[in-house]
Amino acid sequence: MAIKLAGQDAAQLEAAADQLVTELRHFSGLNAKSIFREEILGVPEIQVNPDRDKMRRLGISTTQLGKALQATLFGMELTPVFVDGKETKLMLNRRGEAELSHRDLGKTMIPTINGGQIPLAAISNLEETAAPSMLKRENGELVTFVLFEKEEGKDDLSLVAELSSFLGAAETKERLKIGPAIAMTVTGDFENEIRATNRLKWLIPLSILLVFLILYLQFRSVSRALIVFSSVLVAFAGGFWMLWLTGQSWWLDFGLFDGQLRDALAIEPVNLSVAVWLGFIALLGIATEDGVVLGTYISQLLKANPPKNKAELHETILEAGLRRIRPCIMTIATTMLALIPVMTSSGLGADIMRPMAVPVFGGMAMALLTLFVVPVLYAVLEEAKLRRENREA
């Protein structure tokens, strides 16, 4: 993460960056050792400001001045020579490789129109200054960055909100004097997360609607589709429950084989992020599997043998549950076993895959309740139908 400063003057940007670094060291959400700014005016430079009136009187052109400086600093080519049949350039360089000071450079002799020579210092003003080491521009403005890292366990979006409030308060209390000529914005990977979050605001409702539509096409009944869809609510509760558990220090914190199981499985707190919401979208489709298996078989048995009373209805639903409990448990078990390596991974890409797997794992663990919720809701629905038929009869 970083704070971008944009303006027109490099010296002002450097001064603002120094203030910002000092102020950020008082913000508790950042790793103080990681805070640093990009160097702007860090390269020593000698500026040559020629006196053009003197140069005209002495008949010295800017081209002559430039060639003399180039020969002093970089040498000059005298003539090509041939060595073993190969052409080589013969260069004349000043003796030694020490850097020139502005006093040494001022002793450079410049030829005049009458054949004489005059020192560079006599026709120009030499100044030692600090030049920009690297200039970055965005939208026609100079930019520099103050970079930092957040503390472990901090969520990017909440950190940005706290940091923006902190810097706003610092400007209000005049601890931080940036000035109106410099624009300050917080930037980083969280910007991609904000864009993805805005996209998920319509993708998640669309996914829910599509899943419900598919269930309706399967059962041709809104009530039965809602009963099967209840497994999604149960699974989502399990997903949030697992996210909460990963943030608890006592979860799986016990010794095993001379080590802590929590450390061995690389269990770390998982904050709500785009990856987590993608895991919930995946869970949305997986969680309905057991509900569809149970609901479809219950509907088939009720259609084949319509119950005449509550006892027969309960017997039919119980029979459907007993016959379908094994495939449902197998579906849950295989999904959870496949997710264990992903949840405990710590290599490349684990920071994305683990947050996606955590809600799916917790949702499938809680989906065991679907084996009870769906049959009970079916029984309630069919009992209401039986009472209505009995009243009509």
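Residues numbered from 1 in each chain as written. Predicted model: local features only at pLDDT ≥ 70, side-chain atom pairs only at ≥ 80, totals over all residues. Heavy atoms only, no water.

**Brief notes about the overall build of the chain**
- Broken down by element type, the chain carries 14 helices and eleven strands.
- Whereas a compact globule of 393 residues would reach a radius of gyration of roughly 21 Å, the chain reaches 38 Å, over 25% beyond that.
- Each principal axis of the C-alpha atoms in the chain carries an extent, and together these give about 130 × 65 × 50 Å.
- A buried classification covers 36% of the 393 residues belonging to the chain.
- In the chain, once contacts between residues fewer than 6 apart in sequence are set aside, the share between residues at least 24 apart is 71%. (Helix = DSSP H or I, 4+ residues; strand = E, 2+ residues; numbered from the N terminus. Rg over C-alpha atoms; globule rule 2.2 N^0.38 Å. Buried < 20%, exposed > 50% of the residue type's maximum accessible area, 1.4 Å probe, protein only. Contact = heavy atoms within 4.5 Å.)

**Examining a positive patch on the surface**
- Judged by side-chain charge, Lys310, Arg387, Arg388 and Arg391 come together as a positively charged surface patch.
- With three residues, the top contributor of residues to the positive patch is helix 14 (residues 370-392). (Patch = residues over 30% accessible without salt bridge, like charges linked within 9 Å, V, L, I, M, F, W, Y side chains within 5 Å. Areas by Shrake-Rupley, 256 points an atom, 1.4 Å probe, with all protein chains shown as cover. Salt bridge = Lys/Arg side-chain N within 4 Å of Asp/Glu carboxyl O. Lys, Arg positive; Asp, Glu negative; His and termini not counted. Charge placed at Lys NZ, Arg CZ, Asp CG, Glu CD.)

**Here's the deal with the confidence of the model for the chain**
- For the chain, per-residue confidence averages 83 on the pLDDT scale, and 94% of positions sit at 70 or higher.
- The least confident element of the chain, judged by mean pLDDT, is helix 9 (residues 261-264) at 70; the most confident is helix 8 (residues 222-246) at 90. (pLDDT = per-residue confidence, 0-100.)

**As for the pattern of salt bridges**
- Within the structure shown, the criterion is met by eight salt bridges.
- Across the salt bridge formed by Arg37 and Glu14, the nearest N and O atoms sit 3.4 Å from each other. With a gap of 23 residues between them, Arg37 in strand 2 (residues 36-37) and Glu14 in helix 1 (residues 10-24) connect regions that are remote in the sequence. In this pair, the class of Arg37 matches that of Glu14, namely buried.
- Here Arg175 makes a salt bridge to Glu23, at a shortest N to O gap of 2.9 Å. Separated by 152 residues along the polypeptide, Arg175 in the loop between helix 6 (156-172) and strand 11 (183-187) and Glu23 in helix 1 bring together distant segments of the chain.
- On the basis of relative accessible area, Glu23 is assigned to the buried category, the value being 7%.
- Residues joined by salt bridges that share partners form a network here, namely Glu14, Asp18 and Arg37.

**Let's talk about helix 6**
- Its 17 residues give helix 6 an end-to-end C-alpha distance of 24 Å, which sits within 8% of 24 Å, the value for a rise of 1.5 Å per residue.
- Those residues of helix 6 that fall on the buried side of the exposure criterion are Asp156, Leu159, Val160, Leu163, Phe166, Leu167 and Ala170. The buried residues of helix 6 all sit within an arc of 130° when viewed along its axis, so they share a single face. Facing away from the buried side of helix 6 by over 90 degrees, the exposed positions are Ser165 and Thr172.
- Buried residues in helix 6 make contact with strand 1 (2-7), helix 1, strand 11 and helix 7 (190-219). (Expected span 1.5 Å × (residues − 1). Arc of directions from axis to C-beta.)

**Some points on the nonpolar core**
- Counting residues in each nonpolar core, the largest one holds 44 residues, and the members touching the most others are Leu215, Leu283 and Tyr378.
- When residues of this core are traced back to their parent elements, those giving at least two are helix 7, helix 8, helix 10 (274-286), helix 11 (288-304), helix 12 (310-343), helix 13 (350-366) and helix 14.
- Sort the elements by how many residues they give to this core and helix 8 lands first, with ten residues.
- When residues no more than four places from it in sequence are discounted, the contact partners of Leu283 are Ala235, Phe236, Pro359, Val360, Gly363 and Met364. (Core = buried A, V, L, I, M, F, W, Y, C linked by side-chain atoms within 4.5 Å.)

**Quick notes on helix 11**
- For helix 11, with 17 residues, the first-to-last C-alpha span of 24 Å sits near the 24 Å given by 1.5 Å per residue.
- Taken together, the buried positions of helix 11 are Thr288, Asp290, Gly291, Leu294, Gly295, Tyr297, Ile298, Ser299, Leu301 and Leu302.

**A few points about the packing of helix 7 against helix 10**
- It is the contact of helix 7 with helix 10, at a shortest axis distance of 10 Å, that shows an interaxial angle of 10°. The orientation of helix 7 relative to helix 10 falls into the category roughly parallel. Across from Glu193, Ala196, Thr197, Leu200, Ile204, Ser207, Ile208 and Val211 in helix 7, the residues of helix 10 making contact are Val274, Trp277, Leu278, Ile281 and Leu284.
- Here the contact of helix 7 with helix 10 is composed, by residue class, of ten nonpolar, two polar and one charged. (Axes fitted to C-alpha atoms, helices over the stretch in contact; angles between N-to-C directions. Parallel < 35°, antiparallel > 145°, perpendicular 65-115°, else oblique. Nonpolar A, V, L, I, M, F, W, Y, C, P; charged D, E, K, R; others polar.)

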